[in-house]
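Residues per chain, in single letters:
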Amino acid sequence: MDNTRILVIPDLHFPYCHPDSLDFLHKLKKILNPTRVICLGDELDYHALSFHDSDPDLDSAGAELVRSLGYIDTLHEMFPKMDLLESNHGSMAYRKQKHAGMPRHLLKSYNEVLCVPVEDWKWHDQLNITLPNGEIVVFRHYFGANVLKASQAMGASIVQGHAHSSFDIQYWRNHNGLHFGATVGCLIDDKSMAFAYNKLQLKRPIVGALFIGDCIPQLIPMMVDENNRWIGTKL
């Protein structure tokens, strides 16, 4: 794989993504011309399948999946080749299957469910890549709340999603060189009823993405107006 220009996409939670998320990603693709694309997981929300109470005013599980597939189709057209990380929301159907005591063999694969060819999108529990300068970067959906300590424990640079209100890069150094830990926020619609559980939290979700070019990580926030609509990105 060509790891010279990597676009990292955080939690989308289709169909409850930010209304401008796909336009934002399309603009980043056009400007940055990534050689590799990595999604940090939670590509689907599966709100109606949650182990927690779901909102009866939102879609049923079937209707939610149908809506999500429309977004997935657009994302696949935009990024035909992509690596994705296993995640708590993305694997919801398999978690429910396990909870019900059903063997995994009875369920379809991710690619079958999302109608994406197996050679196009590939899922990983953890993805290790090597940047052109030799730096190893480890990707997971989530390492933990303290990304710096997690990076130091791994002895490598790490990138994670999951923590919607965290959007930062922290550096540390040892005898082997300079390393970083990055948490990439999300691309959700904070106003959706699917995230009503979080409405009283003081820390709000931060929408954006991460780009690693010339071996340097760069956070790219999606700047929004008072109506939570994207105002455009200039890099």
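For the structure itself, look to the data block above.
Every residue gets a number counted from 1 within its own chain, in the order that chain's sequence is written. Residue-level local features of this predicted model are given only where pLDDT is at least 70; pairs of side-chain atoms are given and counted only at 80 or more, and the full residue set underlies all totals for whole chains, interfaces and linings. Calculated side-chain values reflect all of the structure's heavy atoms, with hydrogen atoms and water omitted.

A.B. asks: Quick one: what's the story with the packing of helix 1 (residues 21-32) against helix 2 (residues 61-78), residue by residue and with numbers?
C.D. replies: Note on method: axes are straight lines fitted to C-alpha atoms, helices fitted across the in-contact stretch only, with angles between N-to-C directions ranging 0 to 180 degrees. Secondary structure counts use DSSP, requiring at least four H or I residues in a row for a helix and at least two E residues in a row for a strand, with both numbered from the N terminus. Closest axis-to-axis distance for the helix 1/helix 2 pair is 11 Å, and the angle between their directions is 5°. Taken together, helix 1 and helix 2 sit at an angle that is classed as roughly parallel. Counting all contacts with helix 1, which are made through Leu22, Leu25, His26 and Lys29, the residues of helix 2 involved are Tyr71, Thr74, Leu75 and Met78. Amino acids outside the nonpolar list (Ala, Val, Leu, Ile, Met, Phe, Trp, Tyr, Cys, Pro) and the charged list (Asp, Glu, Lys, Arg) are all regarded as polar, and Gly is one of them. The residue inventory of the contact of helix 1 with helix 2, partitioned by class, reads five nonpolar, two polar and one charged. Roughly parallel refers to an angle under 35 degrees, roughly antiparallel to one over 145, roughly perpendicular to one between 65 and 115, and oblique to any angle outside these ranges. Pairs of residues are marked as contacts when any of their non-hydrogen atoms sit within 4.5 Å.

A.B. asks: Give a detailed account of the pattern of salt bridges, specifying residues and quantitative values.
C.D. replies: Within this document, salt bridges are pairs made up of a side-chain nitrogen of Lys or Arg and a carboxyl oxygen of Asp or Glu, the two lying within 4 Å of each other. Applying the stated rule across the entire model yields five salt bridges. Of the charged contacts, one joins Asp20 and Arg229 as a salt bridge, the two residues approaching to 2.6 Å between their closest N and O atoms. Here Arg229 lies in the segment after strand 11 (216-221) and Asp20 lies in the loop between strand 1 (5-9) and helix 1, a separation of 209 residues in the sequence. Classification of Arg229 as partly exposed rests on a relative accessible area of 38%. Two residues, Asp120 and Lys81, come together in a salt bridge whose shortest N-O distance is 3.1 Å. In this scheme, a residue with accessible area under 20% of its type's maximum is buried, one over 50% is exposed, and one in between is partly exposed, where area comes from a 1.4 Å probe on protein chains only.

A.B. asks: Help me get a handle on the pairing of strand 3 (residues 82-85), residues and values and all.
C.D. replies: Of the two faces of strand 3, the one carrying Met82 and Leu84 and the one carrying Asp83 and Leu85 are both buried. Seen with the strands pointing away from the viewer, any crossover whose path from the first strand over the helix to the second strand runs clockwise is right-handed. In this fold, the crossover linking strand 2 (residues 36-39) to strand 3 by way of helix 2 has right-handed handedness. DSSP calls a pair of strands paired once it identifies at least 2 bridges connecting them. In the sheet, strand 3 pairs with strand 4 (residues 121-124) via four bridges, with the strands oriented parallel. Within strand 4, the position partnered with Met82 by the bridge is Trp121.

A.B. asks: Quick rundown of the pairing of strand 8 (residues 167-174)? Include the residues and the values.
C.D. replies: One ladder, built from eight bridges, connects strand 8 with strand 9 (residues 177-184); its direction is antiparallel. Within the sheet, the bridge partner assigned to Asn174 lies in strand 9 and is Gly177. Counted along the chain from strand 8 to the antiparallel partner strand 9, the turn is two residues long.

A.B. asks: Just give me the short version of the nonpolar core, but keep the residues and values in it.
C.D. replies: We call a set of buried Ala, Val, Leu, Ile, Met, Phe, Trp, Tyr and Cys residues a nonpolar core when their side-chain atoms join them within 4.5 Å. If you look at the biggest cluster of nonpolar residues, it comprises 39 residues, and the most contacted ones within it are Ile9, Leu25 and Leu75. Ranked by the residues each element gives to this core, the list is headed by helix 1, at five residues. Ile38, Leu85, Val159 and Val184 belong to the second-largest nonpolar core, a separate cluster that totals 18 residues.

A.B. asks: Hey, could you go over the environment of Lys81 for me, with residue numbers and the actual values?
C.D. replies: With respect to the helices and strands, the residue Lys81 is situated in the loop between helix 2 and strand 3. As for Lys81 and Gly232, which are separated by 151 residues in sequence, their C-alpha atoms are 25 Å apart. Ignoring anything within four residues of it in the chain, the contact list for Lys81 reads Val37, Glu119, Asp120 and Trp121. Pairing of N or O atoms within 3.5 Å defines a polar contact, subject to two protein rules: one partner must be a possible hydrogen donor and the other a possible acceptor, and residues neighboring in sequence count only if both atoms are side-chain atoms. At 3.1 Å, the side chain of Lys81 forms a polar contact with the backbone oxygen of Glu119. In terms of polar contacts, Lys81 uses its side chain to reach the side chain of Asp120, at 3.1 Å.

A.B. asks: Could you give an account of helix 1, with specific residues and numbers?
C.D. replies: Helix span is expected to be 1.5 Å times the residue number reduced by one. With twelve residues, helix 1 extends 16 Å between its outermost C-alpha atoms, agreeing within 8% with the 16 Å of an ideal straight helix rising 1.5 Å per residue. Those residues of helix 1 that sit buried are Ser21, Leu22, Phe24, Leu25, Leu28 and Leu32. Viewed end-on, helix 1 has its buried residues packed into an arc of 155°, placing them on one side of the element. Where the residues of helix 1 are buried, they touch strand 1, helix 2, strand 10 (208-213) and strand 11. One or two positions beyond helix 1, positive phi appears at Asn33, with a value near 50°. Directions drawn from the helix axis to the C-beta atoms are what define this arc.

A.B. asks: Describe the sheet that holds strand 10, listing the residues and the values that go with them.
C.D. replies: Strand order in this open sheet of six strands is 4-3-2-1-10-11, and the pairing throughout is mixed. Where the open sheet ends on each side, the last strands, each with one partner, are strand 4 and strand 11. Mean inter-strand twist for the sheet, computed between neighbouring axes without regard to direction, equals 25°.

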